[in-house]
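Listed here are the chains, written in short residue letters.
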Amino acid sequence: MLVFLSTRAHEVKLMPRSSCVDPVRRCLVVSLLVGSIAAQCANTWQPSGGFAGVSGTVKAMTMWDPDGAGPQFPQLVVGGAFTLAGDVPVNHIAAWDPQSGSWTPLGSGVGTSIFPPPPNSVVVSALAVMPNGDLIAGGRFPLAGGSTVNNIARWNGTSWSGLALGADADVTALAALPNGDLVATGLFSTVGGVAANGIARWNGASWSPLGAGITGTAFALAVLPSGDLIVGGYLSSAGATPVNNIARWNGVAWSPLGTGLDAGVGALVVMANGDLIAGGGFTSAGGVSAARVARWDGVNWSPLGLGIGGGTMFVSGLSALPGGGLIACGGFSSAGGLPASNVAQWNGTAWLPLSSGLPGSCAAAVSLPNGDFVVAGEFTSLGAAAAHRLARWNGSIWAPLGPAYAGWDAAPLAFALANGELVAGGAFTVAEGVPCNHVARRSGSTWTPLGLGTNGPVVSLAVMPNGDVIVAGGFSTAGGVAADGIARWDGASWSSLGGGFPVPPGTFLLGVFIVAGAPNGDVYAVGRLQQLNLVYDSVVRWTGTSWASVPAPHVSLWALSVLTLLVTPTGDVYLGGAMAYSPNGAVVRLVGNSWVPVGLFDGWVRCLAMLPGGDIVAGGRFWSSLLGGPALSCLARWNGASWFPLGGGASDAVYALTVLPNGDLVAGGGFASPTPNIARWNGASWLPMGGGTNGIVQAVRFDPEGGVIAGGGFTSAGGVASPNCARFITNCSTAASTYATGCPSSAGMAQWTISSGPWVGSTYRAICSGLPSQAFAVDVIGLTTNPLSLAALLPQGQPGCTLVPDLQILTGRVITNGRAESELAIPNVPWIAGIPFFHQMVPFEFAAAMGLVAVTASDTLRLTIGVF
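Nothing here was measured: the structure is a model prediction, and the numbers come from that model.

Draft legend 1. Expanded view of the overall build of the protein chain. If you tally the helices and strands in the protein chain, you get two helices and 91 strands. By its C-alpha atoms, the protein chain is 110 × 65 × 50 Å across when sized along the principal axes. Taken over 868 residues, the protein chain has a buried fraction of 52%. Intrachain contacts of the protein chain at a sequence separation of at least 6 include 47% that bridge at least 24 residues. Of the accessible surface of the protein chain, which amounts to about 33,300 Å², a share of 54% is contributed by carbon and sulfur atoms. A distance of 6 Å separates the average location of the 30 positive side-chain charges in the protein chain from that of its 37 negative side-chain charges.

What follows is the structure, given as structure tokens:
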């Protein structure tokens, strides 16, 4: 019902809502056009933190001076398998300035043309600095700087280039010879098209083998003052000479170093006096007991004190210190008989622990010019401080490399909107620097925990009609309360939902993986159960007081392994997934007590979404319908009768879908096109989203603060640092603020809650609470303000109460339990973005015998229409 309040006649008239829709819309559009709002809107990815260190494994480090004798300070170069250094996107190699603490990429780094890259397909395993200052990187990578280099490349400070044709397999170690030549060793059999059995020499123009090469795998190289080359690893022969894991090349022939070592070598370093130190997994050197570290003085092997022990007992990194000292790191728990966690210092006569050591194994160590040193390894913290794979020792304490950038320590796997705020669930324990146990909500620009959270990952979220949040996943407690796989957050505390997911006797719950709320307040959940050797999915429904079973989904006699669940606004229930014991997948709909197939596909279905017109979109990894029809390419749309594609679809798996306010669709996954891992469908074509992400997207959701939020296995989005979570935002977002203060009714001051902002093509929704129960409310919306005293308009108007908006849209609202819900359809016209309007609720309060007794007013909101 539409209410028209004539301020001239001081009268209230009620008119049918339908009679004013078109005039109101014309009024809106005309006013907007008069307002001249040809807004220039842009969408960009917003950075969301980084790492105190790097995002992945570090395999190699070296000091490198970018300008030789010039004024620049030497930098630490690290290589491995990572795509973020600090808050700088990189590709597996980066430079760190010890003076400024800043990271810089080395061009576009190294990589592969395969998308998505296979696991461990790119890694920098070795670094060396040439006499002319060029930096050489070796490892497993076909490309460097976009050019084909085949596992070895040169960085001249400006650009990458290959060394002839490169190597046909991994390069594991590099060394620069005094004359400017380079030696590379690894898993290759040819280098530059020349046969070379695991080791070769580059003279600046071409490759040549070192004799007959080596038998085995080498992991370390060192050059003695004489220019001779030492090779260590798991070696049985060098040339035709039998060796025990270590060998010497004098430029002409191979020879052993005494009787060698009884196990593999992982690191080599030459000391200032010319002695060679070897580290690895051995226990004797030259027949002498030497636990994991040994010295070669040119004639004999000798131990370094009691050596290294405990843990995995392997030394993988060595670094010489000024004054004759040595740093050893690896996987061990003692040095010289003293506790030493993965790193220790040799001072020339004894081993010394370095504080409490490192919480994870160490792979490499490098000394800085000021005497400090940096270690790399498999750790992400130093006590309470974040330290991702890199740590610095200043002689007395450990510290991370760079500031503790605020980011996500793991990917959000699900998003939901509750009471106008975004909620995220996942495996994370830190959300943009804020400690949160697997679930968090964003209030304004800050993430906050939901109480104590859960004791395991949250993988699915649902919101009840009253705003309560249901979480599901692999946990047993929520907020310290027993909750087997599913729990409820009421805004203040956690509670179990009926004692947790129902599990039949003799059955083990593997986790609750999907949860969805129904319009009537019911909750559907899917749990994975195990009974003896049988694993199956169970679908149940929470009725508000108890759990009710739902028939197990079967399609053509095949049980459906459920991967996604959709409950529509009308209460229809759809499941999507993969058929057991079959490479195929399906979408099914619950009709009565039976599941009816809606679609059968030649692959699995991972996500479902409903478009504003009622069509269903399925995403996953499939290319056609088993019932016939056109090619689908991982995305398909159901119009109630048949499936058809969305343009060219996606090139590979789609994991998540979300619908934007204007009806556009955003798909996230692990695909190269339309754009990497995330793209937008506008109903006619696919639109790029700022260059996409550099890793898979597992969850997407429209963000009420202005865009799309995505979670997944990526470290950057659109070229900006966004580890595990990123927001694609618009500069034409909605905005809401209190424009004028209202006055109290008999129930007190009214309070506004915006549940859905005024986005182009959407419905703006807000709730006004704290209203008198024995009353009806008039919703007032205007494009301008024209403050009028309610006491001057109506005898029952209370003193100090003002009607603020100019009267353009007035709607009668029913008050229930002190709340009135308001909504306004925003036209799907992009150029109205940026237009403000004003919103106020006016309650008309009645007494049983006295009729209308008071007219008051809520606060007036000033809202801005946004577009994305």
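Draft legend 2. Representation of the state of the cysteines. Following the criterion strictly, the structure yields three disulfides and no others. For C329, the disulfide goes to C362, at an S-S distance of 2.4 Å. Its S-S torsion of approximately -60° makes the covalent link between C329 and C362 left-handed. Of this pair, C329 sits in strand β36 (residues 326–331) while C362 sits in strand β41 (residues 362–367), and the two are 33 residues apart along the sequence. Residue classification places C329 among the buried residues on the basis of a relative accessible area of 0%.

Draft legend 3. Quick peek at the pattern of salt bridges. A full pass over the atoms with the stated rule returns 18 salt bridges. As a salt-bridge pair, D170 and R140 come within 2.9 Å of each other at their nearest N and O atoms. Remark: R140 occurs in strand β12 (residues 135–140) and D170 occurs in the loop between β16 (160–162) and β17 (171–176); sequence separation between them is 30 residues. Exposure remark for D170: the relative accessible area of 16% places this residue in the buried category. With a closest N to O distance of 2.9 Å, D228 and R248 form a salt bridge. Taken together, the residues span a long stretch of sequence, with D228 in the loop between β23 (214–223) and β24 (229–238) and R248 in strand β26 (residues 246–249) at a distance of 20 residues. With relative accessibility at 13%, the residue D228 sits in the buried group. Connected via shared salt-bridge partners are R442, D703 and R727.

Draft legend 4. Spatial organisation of the packing of aromatic side chains. If you walk through the whole model with that rule in mind, you get 27 aromatic pairs. Aromatic pair F219 and Y234: ring centres 6.2 Å apart, planes at 90°, arrangement edge-to-face. One end of the pair, F219, is in strand β23; the other, Y234, is in strand β24, with 15 residues separating them in the sequence. When the centroid spacing of 5.2 Å and the interplanar angle of 75° are considered together, the rings of F601 and W643 count as edge-to-face.

Draft legend 5. Structural detail: the nonpolar core. In terms of nonpolar packing, the biggest core is built from 27 residues, with Y764, L771, L824, F837, M841 and I865 touching the most fellow members. Of all the secondary-structure elements, those providing two or more residues to this core are β83 (763–769), β84 (775–782), β88 (819–825), β89 (836–847) and β91 (860–864). In terms of nonpolar packing, the next biggest core, distinct from the first, is built from 20 residues, I514, V562, L565 and V567 among them.

Draft legend 6. Local environment of the pairing of strand β52 (residues 446–449). Relative to β52, strand β51 (residues 439–443) runs antiparallel, the two sharing four bridges. Within the sheet, the bridge partner assigned to A440 lies in β52 and is P449. Here β51 folds back onto β52 in antiparallel fashion, the turn holding two residues, of which G444 has a positive phi close to 70°.

Draft legend 7. Broad picture of the sheet that holds strand β45 (residues 390–393). As summarised here, the arrangement of the four strands in space is β41-β42-β45-β46, forming an open sheet in which the pairing is antiparallel. Strands at the two margins of the open sheet, each flanked by one partner only, are β41 and β46 (398–400). Here the strands of the sheet are splayed against their neighbours by 30° on average, with no regard to which way each runs. Relative to β46, β45 runs antiparallel, the two sharing three bridges.

Draft legend 8. Fine view of the side chain of R488. Position of R488 among the secondary structure elements: in strand β57 (residues 486–489). Within the local environment of R488, its side chain forms a polar contact with the side chain of D468, the two groups lying 2.9 Å apart. The residues touching R488, leaving out its near neighbours within four places in the chain, are M464, N466, D468, V469, I470, S493, W494, S495, L497 and W542.

Draft legend 9. Quick peek at unusual backbone geometry. The omega torsion across S673 and P674 is 15°, close enough to zero to call that bond cis. Mapped onto the elements, P674 comes out in the loop between β73 (665–669) and β74 (678–681). Of note in the backbone geometry, C634 takes a positive phi value of approximately 75° without being a glycine. Tracing the chain through its elements places C634 in the loop between β69 (616–621) and β70 (635–638).

Draft legend 10. Just the environment of V265, in detail. Mapped onto the fold, V265 is located in strand β28 (residues 265–270). Exposure remark for V265: the relative accessible area of 0% places this residue in the buried category. With 14 residues separating them in the primary sequence, V265 and G279 have C-alpha atoms 5.8 Å apart. When near neighbours in sequence (up to four residues on either side) are disregarded, V265 contacts F219, G232, G233, N245, A278, G279, G280, F282 and F314.

What counts, and where the lines are drawn
Residues numbered from 1 in each chain as written. Predicted model: local features only at pLDDT ≥ 70, side-chain atom pairs only at ≥ 80, totals over all residues. Heavy atoms only, no water. Helix = DSSP H or I, 4+ residues; strand = E, 2+ residues; numbered from the N terminus. Buried < 20%, exposed > 50% of the residue type's maximum accessible area, 1.4 Å probe, protein only. Contact = heavy atoms within 4.5 Å. Areas by Shrake-Rupley, 256 points an atom, 1.4 Å probe, with all protein chains shown as cover. Lys, Arg positive; Asp, Glu negative; His and termini not counted. Charge placed at Lys NZ, Arg CZ, Asp CG, Glu CD. Disulfide = S-S within 2.5 Å. Salt bridge = Lys/Arg side-chain N within 4 Å of Asp/Glu carboxyl O. Phe/Tyr/Trp six-rings, centres within 6.5 Å; stacked < 30°, edge-to-face > 60°. Core = buried A, V, L, I, M, F, W, Y, C linked by side-chain atoms within 4.5 Å. Pairing = 2+ DSSP bridges. Axes fitted to C-alpha atoms, helices over the stretch in contact; angles between N-to-C directions. Polar contact = N/O pair within 3.5 Å; in protein donor to acceptor, adjacent residues only side chain to side chain.

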